[in-house]
Amino acid sequence: MKQVIKISLCEMAFELEQDAYSALSAYLDQAKTRLRASLDQGEIVADLERSIAEKLAAATASKHVPVSREKGVAILQEVGAVRPARLQPRPAGRADRRR
């Protein structure tokens, strides 16, 4: 017997096995942590949630079974890892001219 959790993501309802829910929750928490210094954190996380919801909807469209851990992890891998933006060095030859 597996525990199933019902969630709402971008105004869509899904049923996930406990392990899939844990993976999704950890992914979103990690994304928020890695983007904490970004002014666009809220927008980026909302885009990630929307992408995940679209993929979950496609994966469960014709089935009435909860999303398994394997399927959930595959969707998160498809969305990709979240990395914080790095500061770009100034192009060579362009000095700061402020005085």
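Every value quoted in this text rests on a predicted model; they were computed, and no experiment measured them.

Reading the values: the criteria
- Residues numbered from 1 in each chain as written.
- Predicted model: local features only at pLDDT ≥ 70, side-chain atom pairs only at ≥ 80, totals over all residues.
- Heavy atoms only, no water.
- Helix = DSSP H or I, 4+ residues; strand = E, 2+ residues; numbered from the N terminus.
- Buried < 20%, exposed > 50% of the residue type's maximum accessible area, 1.4 Å probe, protein only.
- Contact = heavy atoms within 4.5 Å.
- Pairing = 2+ DSSP bridges.
- Arc of directions from axis to C-beta.
- Core = buried A, V, L, I, M, F, W, Y, C linked by side-chain atoms within 4.5 Å.

Engineer: Which parts of the structure should I look at to understand the overall build of the protein chain?
Structural biologist: Helices and strands together make up the secondary structure of the protein chain, namely 3 helices and 2 strands. The N-to-C order of helical and strand elements in the protein chain reads β-β-α-α-α. A buried classification covers 25% of the 99 residues belonging to the protein chain. Here the contacts in the protein chain between residues at least 6 apart in sequence split such that 55% fall between residues at least 24 apart.

Engineer: It is not clear to me how the pairing of strand E2 (residues 12-17) should be interpreted in this structure. Could you clarify?
Structural biologist: Remember that side chains alternate between the two faces of the sheet whenever the strand is regular. Across 6 bridges, the pairing between strand E1 (residues 4-9) and E2 is antiparallel. Bridge pairing in E2 places Val-4 opposite Glu-17. Linking E1 back to E2 in an antiparallel pair, the connection comprises 2 residues, with Cys-10 at a positive phi of about 55°.

Engineer: Could you clarify how one ought to interpret helix H3 (residues 69-79) in this entry?
Structural biologist: Residues that lie three or four places apart on an α-helix share one face, since the helix turns once every 3.6 residues. If you check which residues of H3 are buried, you get Gly-72, Ile-75 and Leu-76. End-on view of H3: buried residues confined to an arc of 100°, all on one side of the axis. Away from its buried face by more than 90 degrees, H3 exposes Glu-70, Gln-77 and Glu-78. Those residues of H3 that are buried lie in contact with helix H1 (18-34) and helix H2 (41-60). Gly-80 sits one or two residues past H3 and shows a positive phi near 100°.

Engineer: Can you walk me through the nonpolar core in this structure?
Structural biologist: Looking at soluble globular proteins, one finds that nonpolar side chains tend to be buried together. Counting residues in hydrophobic clusters, the biggest one holds 22 residues, and the most contacted among them are Leu-9, Leu-24 and Ile-52. Those elements giving two or more residues to this core turn out to be E1, E2, H1, H2 and H3. Those residues in contact with Leu-24, other than ones at most four positions away along the chain, are Ile-7, Leu-9, Leu-16, Ile-52 and Leu-76.

Engineer: I would appreciate a short explanation of the side chain of Glu-17 in the present structure.
Structural biologist: Relative to the elements of secondary structure, Glu-17 occurs in strand E2. The buried category is assigned to Glu-17, whose relative accessible area is 16%. Residues contacting Glu-17, with those up to four places away along its chain left out, are Lys-2, Gln-3, Val-4, Pro-66, Val-67, Ser-68 and Arg-69.

Engineer: Hey, could you run me through unusual backbone geometry in this one?
Structural biologist: Glycine aside, the phi torsion of most residues is negative, and most peptide linkages are trans. At Cys-10, a position not held by glycine, the phi torsion is positive, near 55°. Examined against the element boundaries, Cys-10 turns out to sit in the loop between E1 and E2. One non-glycine residue, Glu-11, lies in the positive phi region at around 65°. By the secondary structure assignment, Glu-11 is in the loop between E1 and E2.

Engineer: Just checking my understanding: could you explain the environment of Ala-20 for this structure?
Structural biologist: By the element assignment, Ala-20 lies in helix H1. With 53 residues separating them in the primary sequence, Ala-20 and Val-73 have C-alpha atoms 7.0 Å apart. Once residues lying within four places of it in the same chain are set aside, the contact partners of Ala-20 are Val-67, Ser-68 and Arg-69.

Shape is all these values report; function is a separate question.
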